Amino acid sequence: MRYEKIDSTLFIENRKRLVERLKPNSVAVFNSSDIMPTSADGTMPFIQQTDIFYLSGIDQEKSILVINPDAKDPAHREMLFLIETNEEIAIWEGAKLTKEQATEVSGIESVYWLSDFDTVFKTVVFDSEHIYLNTNEHLRADTTVETPDDRFRVECMKNFPLHKYERISPIMHDLRTVKSQIEIDVMQKACNITEKGFRRVLEFTKPGVKEYEIEAEITHEFVRNGSRRHAYTPIIASGFNACVLHYIDNDQVCQDGDLLLMDFGCEYGNYASDLTRTIPVNGKFTERQAAVYSAVLRVHKAAAKMLVPGNNLMDYHVEVGKLMTEELVGLGLITREDIANEDPKWPAYKKYFMHGTSHHIGVDVHDYGNRYKTFEAGMVFTVEPGIYIREENMGIRIENDFVIQESGEPFDLMKNIPIEIEEIESIMAK
């Protein structure tokens with residue numbers, strides 16, 4: 001792997017916390033992702049299913065994790081099933097994990113080849129009462145494409161119809177919400193690489209460059225620092241494109257006088273970072289651009305201070321909306337009359353700030369988390385307010401990633417990344 005080995009203590013502790021939530025006489029099963037095909041014999045780069053990675057650290061296709069805490073045979077209490085490597089696979093694809101390597105990565109002693117799965121699984125399942133199966137229950141998930149977990153769920157319920165079936169997803173959503181220090185350290189590495197990418201483009205950007213050239217500069221910095229990929233498809237949006245929230249064409253010329261909104265983040269060790277910055281293409285904000293940028297930055301800073309234990313996302317977003325409302329009034333974009341006549345379901349500020357301010361981030365960029373759950377130390381959130389003025393060809397968003405602390409303000413994983421107008425202009429002037 002390109003990334004440095006992650007301490008197996010992380011995965012061992014994650015499994016212990018999972019076991020505490022399972023019903024007696026249960027077996028839980030997690031499958032790796034498929035390698036997705038393109039056309040002919042092409043494939044897309046492999047990206048591991050995040051639950052099996054979170055619990056084992058195994059970053060390889062065709063892998064299965066089985067957790068059976070009450071198994072009569074101690075060797076069956078946690079098991080990995082992997083592809084059996086051979087000389088032909090090693091020649092064409094490179095060697096797969098050996099059993100010893102899998103144990104070193106995961107802390108799991110019982111490692112079998114995938115060909116043994118059916119026999120061993122029958123042994124443990126007939127001694128179990130409950131079977132926990134995995135589904136993608138993220139609120140924004142597109143579940144059109146069938147996954148190995150989907151296929152296994154159908155097969156398992158057909159073969160063992162009299163067992164009691166349970167959903168593992170609610171447990172995983174709860175477990176993954178709070179990050180350990182090992183996870184936060186890996187995310188910090190991702191953020192540090194993201195910083196390198198941003199500093200690089202500050203010195204590169206000028207009128208006449210293409211958006212995709214800027215994307216290429218970021219990608220170069222990510223790869224040369226051990227990242228395998230962007231954590232999500234990057235947004236490199238100049239001028240009016242910044243008013244398209246999920247703009248990813250990245251194919252236009254950056255014009256003198258325009259702003260450039262960049263939303264990108266490095267993946268490192270399967271953990272995500274998520275940064276947004278908005279800069280002037282020519283290196284100097286106009287008076288109006290600076291006024292709007294400063295308004296967004298004030299909301300960003302004030303919103304971050306609300307990421308404290310005891311608060312929750314629902315109340316938090318209401319308060320951020322109040323902050324943004326006052327800024328939009330100050331910028332002359334909405335009036336007190338607009339506010340008085342607003343639809344409570346779609347407040348006046350939503351005309352210019354139509355998305356949420358924060359989301360969980362971790363192994364997934366939009367990580368698991370219950371929107372109603374009270375904030376706790378160790379939760380990691382983005383803070384990303386924005387103002388989008390289509391009539392002025394201007395979109396500004398500012399985003400950092402924050403870790404909630406036991407007390408006081410959250411820790412900013414991106415605190416070293418330039419954010420103030422003066423620093424951005426100074427670096428671009430070099």
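Structure: see above.
Residues numbered from 1 in each chain as written. Predicted model: local features only at pLDDT ≥ 70, side-chain atom pairs only at ≥ 80, totals over all residues. Heavy atoms only, no water.

A. Looking closely at the overall build of the protein. The helix and strand tally for the protein stands at 13 helices and 17 strands. Its C-alpha atoms give the protein principal-axis dimensions of about 70 × 50 × 40 Å. Sorting the 430 residues of the protein into buried and exposed places 53% on the buried side. Considering only intrachain contacts with a sequence separation of at least 6, the fraction spanning at least 24 residues in the protein is 71%. (Helix = DSSP H or I, 4+ residues; strand = E, 2+ residues; numbered from the N terminus. Buried < 20%, exposed > 50% of the residue type's maximum accessible area, 1.4 Å probe, protein only. Contact = heavy atoms within 4.5 Å.)

B. Fine view of unusual backbone geometry. Not every positive phi belongs to a glycine, and A40 is a case in point at roughly 50 degrees. With respect to the helices and strands, the residue A40 is situated in the loop between β1 (26-31) and α2 (50-56). Classification of A40 by relative accessible area gives exposed; the value is 83%. Despite not being glycine, N270 has its phi angle at roughly 75 degrees, a positive value. Among the structural elements, N270 can be located in the loop between β10 (266-268) and β11 (271-272).

C. Representation of the side chain of S26 in the model. For S26, the position within the fold is in strand β1. For S26, a relative accessible area of 0% translates into the label buried. Separated by 2.6 Å, the side chain of S26 and the backbone oxygen of K23 make a polar contact. In this structure S26 touches I67, N68, P69, D70, S128, H130 and Y132, once residues within four positions along its chain are discounted. (Polar contact = N/O pair within 3.5 Å; in protein donor to acceptor, adjacent residues only side chain to side chain.)

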